[in-house]
Amino acid sequence: MSEKLQLKSGDIAPIFSLPNEDGVVISLQDFVGYTIVLYFYPKDNTSGCTTQAQEFSQLLESFEKLNTIIVGISPDKIQTHKKFIQSKDIKIILLSDEDKGVATKYHAYGKKNMYGKEVFGIYRSTFIIKDGKIIESFYNVKAKGHAQKILDFLTQSNKV
């Protein structure tokens, strides 16, 4: 990713309202009083995205002990999320951002190089949000091991 706008610690978290796999609209405001780990990922049922969602799901109880909710957002349709959740035993909240409007607000969508070609796509990125503010942001993360890194950050941080 070339130098682009990025959200950083202290920034106001962009508001969102998106449907989950059942079509229920979930909003940032629904999580008042919680720490939110909001992560953007490219596509359901791909190897990296499956690894990331399963690792967050496996660590869900540890996150809950820290009063933290995990929310994944991708451009997939709600039906795709539903199949992904059922087939891969995903236990976290997944939201559908088909028009990539929320990803764009979080600077998690734009031009990137893929196999030597310039394409538009989702930047795998994660935001820790509390009280409507970005506590920390992570751009261009690696899927494998990322959930544990976020859990470690929350455990060691005095901001959350």
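Residues numbered from 1 in each chain as written. Predicted model: local features only at pLDDT ≥ 70, side-chain atom pairs only at ≥ 80, totals over all residues. Heavy atoms only, no water.

(A) Inspection of the overall build of the chain at higher detail. A tally of regular secondary structure across the chain gives five helices and nine strands. Reading the chain from its N terminus to its C terminus gives the helix and strand order β-β-β-α-α-β-α-β-α-β-β-β-β-α. Computed over the C-alpha atoms, the radius of gyration of the chain is 15 Å, within 12% of the 15 Å expected from 2.2 N^0.38 for a compact globule of 160 residues. Viewed in the frame of its principal axes, the chain has a C-alpha envelope of about 40 × 35 × 30 Å. Sequence-distant contacts, at least 24 apart, represent 64% of the contacts inside the chain between residues at least 6 apart. When the accessible surface of the chain is totalled, it reaches about 8,400 Å², and 51% of it is carbon and sulfur. (Helix = DSSP H or I, 4+ residues; strand = E, 2+ residues; numbered from the N terminus. Rg over C-alpha atoms; globule rule 2.2 N^0.38 Å. Contact = heavy atoms within 4.5 Å. Areas by Shrake-Rupley, 256 points an atom, 1.4 Å probe, with all protein chains shown as cover.)

(B) Region of interest: the environment of Gly72. By the secondary structure assignment, Gly72 is in strand E4 (residues 68-74). In this structure the C-alpha to C-alpha distance between Gly72 and Asn20, which are 52 residues apart in sequence, comes to 9.8 Å. Setting aside anything within four residues of it in sequence, one finds Gly72 in contact with Tyr39, Tyr41, Ile93, Leu94 and Leu95.

(C) Spatial organisation of the nonpolar core. Counting residues in hydrophobic clusters, the biggest one holds 23 residues, and the most contacted among them are Leu38, Phe40, Val71, Ile73, Tyr106, Phe127 and Ile129. Excluding its chain neighbours within four sequence positions, the residues that come into contact with Phe127 are Leu7, Ile36, Val37, Leu38, Phe40, Tyr106, Ile134, Glu136, Ser137 and Tyr139. By size, the runner-up hydrophobic cluster in this structure holds 21 residues, among which are Val37, Cys49, Phe56 and Phe63. (Core = buried A, V, L, I, M, F, W, Y, C linked by side-chain atoms within 4.5 Å. Buried < 20%, exposed > 50% of the residue type's maximum accessible area, 1.4 Å probe, protein only.)

(D) Here's a closer look at unusual backbone geometry. Its identity is not glycine, yet Asp89 carries a phi of approximately 55 degrees, on the positive side. Turning to its location among the elements, Asp89 is positioned in the loop between helix H3 (78-88) and strand E5 (93-96). Backbone geometry at His107 places phi at a positive 55 degrees, although glycine is not the residue there. Mapped onto the elements of the fold, His107 is located in the loop between helix H4 (101-105) and strand E6 (109-114).

(E) Representation of helix H1 (residues 47-58) within the structure. Compared with an ideal rise of 1.5 Å per residue, which puts twelve residues at 16 Å, H1 spans 16 Å between its outermost C-alpha atoms and is within 8% of the ideal. Every buried residue belonging to H1 is among Cys49, Thr50, Gln52, Ala53, Glu55, Phe56 and Ser57, and all of these are buried. Check the buried side of H1 and you find it contacts strand E3 (35-40), helix H2 (60-65), E4, H3, strand E8 (125-130) and helix H5 (146-156). (Expected span 1.5 Å × (residues − 1).)

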